[in-house]
Amino acid sequence: MTQRASELSGEQRAGAPGRGLTAAEVAERISRGEVNDVPVRSSRSLTEIVRANVFTRFNLIIGVLWVIMLAVAPIQDSLFGFVIIANTGIGIVQEWRAKKTLDSLAVVGESKPVVRRDGKAAAIHTSEIVLGDLIELGPGDKVVVDGTVAEADGLEVDESLLTGEADPVLKKTGDTVMSGSFVVAGGGAFTATKVGREAYAAQLAEEASRFTLVRSELRSGISTILKYITWMMVPTATALVISQLVVKEHNFKDSIARTVGGIVPMIPEGLVLLTSVAFAIGVVRLGRKQCLVQELPAIEGLARVDVVCLDKTGTLTEGGMDVTELRPLGDAEEPYLRRVLAAFGASEPRPNASLQAIIDAYPAPEDGAWTTTGTLPFSSARKYSGAAFTEDGGASSAWLLGAPDVLLSEDDPALAEIGQLNEQGLRVLLLARARGELDAPDAARGADPAALVVLEQRLRPDAGQTLAYFGEQRVATKVISGDNAVSVGAVAAKLGMEGAEHPLDARRMPEDTDEMASAMEQNAVFGRVTPQQKRKMVAALQSRGHTVAMTGDGVNDVLALKDADIGVSMGSGSEATRAVAQIVLLNNSFATLPSVVAEGRRVIGNITRVATLFLTKTVYSVLLAVLVVCFQVEYPFLPRHLTLLSTLTIGVPAFFLALAPNKERAHPHFVRRVMRYAIPSGVICAAATFVMYLIARHHYSGTGALDAETSAATLTLFLVSMWVLAIIARPYTWWRICLVAAMGLAFLVVLAVPWLQDFFALKLVGTQMPWTAVGIAVVASVALEYAWRLVGRRFGG
């Protein structure tokens, strides 16, 4: 393929310039395998999903223990293995559903480059590009393969994603363009010289588009917890094995069963699985709302956000605009100005929203008397565009169209009139006659103002409700726009945004990061913000400890989207913004954001809740094993007892609690927050259970004493664990009360039905010990309440 690239120039010269490849040439290249065949995937394959869910460290440990139990004990003591199979199956099914949702949404959100073949332009899939294709470029387009510029009209390319340099690079015919860069101004076309895996950013693009479980505080926190548990589990389990097999001379199989019964509950295997399931279900739920989550932990990240930076255009307002008025300045005549605007619109093959409104209002006449002799594409850095014409009488003229406060001097009297229009929320463009060349660095200097073009922006009907939602959730919103500050403030005020009455012109903002951060915290609306300033504003907020989300749809938003904690792009936005964003709103609706925030809060808040359940079990299991070794007694439980307890007090309720609504904003320090509650809860559970076990050992004697002692200890542990569940289930709703009651009722059924008593080896003997168990559980529950309130007061919940 490298040799073929060197032959392209000769082949291109042989054909008609600018017409692209012929159908025969495309077919020939496909037959030679010169196709952009990078296998871009939006998700893990089914094989990878199965492998990730089945072949885990804890499944291996439990699998070995399960095989041992199948060999030495009744099937009841092997139930924990079937639970793992069920949980693993749920994980695979849920992630497979998420994969299918992501795959379908990724296809919907995929942009198609425009390729010229046989002189005709057509949009095709990126994977259909062949070596030598002529690919057209316009503002916001991403360069999808490496190539050489064949046509350039003020073509400026941002290569920051590749080089880290933020300044756009002006490209001329013959220059090289690299995949992964994107167009910020102008247009043109380039010839593909490297496709497939040879393209510079092919591997980067593949990795960026893949469904990946990247690092997050939640996942890294759970990994940290599991690492420490492993360290605790190995010596504790070893000591327990020695205690049960050597110190206590009991039946070998029974000793093995009780040893395994002490090891299995130390492993919070369901916590990892439940986290994956919660994330996967979150992706599916958001997918149904046309929200593409490109990285799963982005759901978690947005839940932690406390500042949302919004771009006005495309976020608060719809893309379309309407021309409401044309105000001539000086002695310019309106019919002539209309003709200028019509020619200006016809000169731009890829108009932005403002110019499209002008084209709609002043369509170009069919006589074609005016000829375009030069153009200056719009750039967000200079904030104006230009065009030069030969008019129907043969006269030449050059015109600029852009921001009045950039094209006019600060003392121009027209600015007062413009200010009044901006205060009404109207957008105003200035049409000015240029005195020099369009491509001169100071083209705007000395330009003669000719007319004001007044545009009205279309507000998104749901934007006001969305802003109100963020206000209720104590998430600060900042409108950051390149438009006039007063105009942006007026639009925000119409939507009821707090602080919109005091907009700030970003050109007057301090450069110092700390001072800029203060200005950002004190104000809500910012106008005339450059792309570099957007980036600095995000960094300034982050320097104050804020978690920042940035929304946008234009090329000028890319740098800020990259640097923000969470980047949110509109589906109709430029390909460059979609490439760097973690979340893409395919329906282009800003109103979808509250759903994403709510989904993130649901996942994070609920996983924090259920993690306490799982880790309480781990703590009391380790402590019970230690106490058994220290006191040289039989381990009180068989695996079937702890399987029953885990199912009723953790497994089933955790699944429902993990999917419940939860609006609480996510808090940092996941590990600390969970362990603050899990450690005292586990200690109290272990202490109450072991005290009851020792009392029962002194009370019962003779044949069946160990079974009676186990039953009394199981009752105590169940009642105390149920109180932990009752605390975690707060605040109570009807379904939470029903959930806790159903778990208690299920345990009563086991105690009441004879064959279930036999199956789980649970039979309460006499009345004294069962009531003693209830009394100890009541005391432990009071201690739990006190411990939770103490932790809440000391550490803030």
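The structure we're discussing is the one just above.
Residues numbered from 1 in each chain as written. Predicted model: local features only at pLDDT ≥ 70, side-chain atom pairs only at ≥ 80, totals over all residues. Heavy atoms only, no water.

**Student:** Can you help me understand the pairing of strand β7 (residues 182–194) in this one?
**Tutor:** It is a general feature of regular strands that their side chains alternate between the two faces of the sheet. Burial analysis of β7 places twelve of its 13 residues in the buried class, the great majority of the element. As judged from the ten bridges shared by strand β4 (residues 146–158) and β7, these two strands associate in the antiparallel manner. Looking at the pairing, Glu156 lines up with Ala185 of β7. (Buried < 20%, exposed > 50% of the residue type's maximum accessible area, 1.4 Å probe, protein only. Helix = DSSP H or I, 4+ residues; strand = E, 2+ residues; numbered from the N terminus. Pairing = 2+ DSSP bridges.)

**Student:** Please explain the nonpolar core as it appears in this structure.
**Tutor:** The nonpolar side chains of soluble globular proteins are, as a tendency, buried together. Counting residues in hydrophobic clusters, the biggest one holds 98 residues, and the most contacted among them are Phe80, Val610 and Phe747. Once you skip the residues sitting within four places of it in the chain, Phe747 turns out to touch Leu644, Leu645, Leu648, Thr714, Leu715, Phe718 and Leu762. (Core = buried A, V, L, I, M, F, W, Y, C linked by side-chain atoms within 4.5 Å. Contact = heavy atoms within 4.5 Å.)

**Student:** Explain the sheet that holds strand β9 (residues 307–310) here, please?
**Tutor:** Working definition: the strands of a sheet are paired by backbone hydrogen bonds and lie parallel or antiparallel to each other. Taken together, the eight strands give an open sheet; going across it, the order is β8-β21-β20-β19-β9-β16-β18-β17, and neighbouring strands pair in mixed fashion. The open sheet has two edge strands with one neighbour each: β8 (291–293) and β17 (504–505). Inspection of the sheet shows β17 paired to strand β18 (residues 525–527) by two bridges, in the parallel sense. For Asp505, the partnering residue across the bridge sits in β18 and is Gly527. This element, helix α19 (residues 531–543), spans β9, β16 (476–480), β18 and β19 (548–552) of the sheet and lies at about 160° to β19. (Axes fitted to C-alpha atoms, helices over the stretch in contact; angles between N-to-C directions.)

**Student:** Could you clarify how one ought to interpret the side chain of Asp505 in this entry?
**Tutor:** With respect to the helices and strands, the residue Asp505 is situated in strand β17. Judged by its relative accessible area of 11%, Asp505 is buried. Engagement of the side chain of Asp505 in a polar contact is seen with the side chain of Arg507, the distance being 2.9 Å. The residues touching Asp505, leaving out its near neighbours within four places in the chain, are Ala485, Gly527 and Arg528. (Polar contact = N/O pair within 3.5 Å; in protein donor to acceptor, adjacent residues only side chain to side chain.)

**Student:** Which parts of the structure should I look at to understand the pairing of β9?
**Tutor:** Across the two faces of β9 the burial is the same, with Val307 and Cys309 and Val308 and Leu310 all buried. Relative to β16, β9 is paired through four bridges, and the arrangement is parallel. Looking at the pairing, Cys309 lines up with Lys478 of β16. Two elements, β9 and β19, share three bridges in a ladder whose sense is parallel. Among the inter-strand pairings, Val308 is bridged to a residue of β19, identified as Ala549.

**Student:** Honestly, the packing of helix α23 (residues 639–658) against helix α25 (residues 705–728) in this entry has me stumped. Any pointers?
**Tutor:** Two numbers describe a pair of packed helices, the interaxial angle and the distance between the axes. One can describe the packing of α23 onto α25 by two numbers: an axis separation of 9 Å at closest approach and a directional angle of 10°. In terms of axis orientation, α23 runs roughly parallel to α25. Only Thr710, Thr714, Leu717, Phe718, Ser721, Met722, Leu725 and Ile728 of α25 make contact with α23, whose side of the interface consists of His641, Leu642, Leu645, Leu648, Thr649, Pro653 and Leu657. Split into classes, the residues belonging to the contact of α23 with α25 amount to ten nonpolar, five polar and no charged. (Parallel < 35°, antiparallel > 145°, perpendicular 65-115°, else oblique. Nonpolar A, V, L, I, M, F, W, Y, C, P; charged D, E, K, R; others polar.)

**Student:** Got a minute to help me understand the packing of aromatic side chains in this structure?
**Tutor:** According to the stated counting rule, one finds twelve aromatic pairs in the structure shown. Considering the side-chain rings of Tyr635 and Phe637, the 6.1 Å spacing of their centres and the 75° angle between planes classify their relative orientation as edge-to-face. Classification of Tyr635 as buried rests on a relative accessible area of 1%. Using a relative accessible area of 0% as the deciding quantity, one classes Phe637 as buried. (Phe/Tyr/Trp six-rings, centres within 6.5 Å; stacked < 30°, edge-to-face > 60°.)

**Student:** I keep staring at the pattern of salt bridges and nothing clicks. Help me out?
**Tutor:** A complete count under the given rule lists 23 salt bridges for this structure. Glu325 is the partner of Arg327 in a salt bridge, and the nearest nitrogen-oxygen pair spans 2.8 Å. Of the residues examined, Arg327 reaches a relative accessible area of 23% and is grouped as partly exposed. The partly exposed category is assigned to Glu325, whose relative accessible area is 32%. Two residues, Arg508 and Asp505, come together in a salt bridge whose shortest N-O distance is 3.5 Å. (Salt bridge = Lys/Arg side-chain N within 4 Å of Asp/Glu carboxyl O.)

**Student:** Can you walk me through the packing of helix α15 (residues 414–423) against helix α17 (residues 485–494) in this structure?
**Tutor:** Direction vectors running N to C along α15 and α17 enclose 20°, while the axes themselves pass 7 Å from each other. Taken together, the axis directions place α15 and α17 in an arrangement best described as roughly parallel. Relative to α17, the crossing made by α15 is right-handed. Mapping the contact onto sequence places Gly419, Asn422 and Glu423 in α15 and Val486, Ser487 and Ala490 in α17. Split into classes, the residues belonging to the contact of α15 with α17 amount to two nonpolar, three polar and one charged. (Left-handed = near helix turned anticlockwise from the far one by under 90°.)

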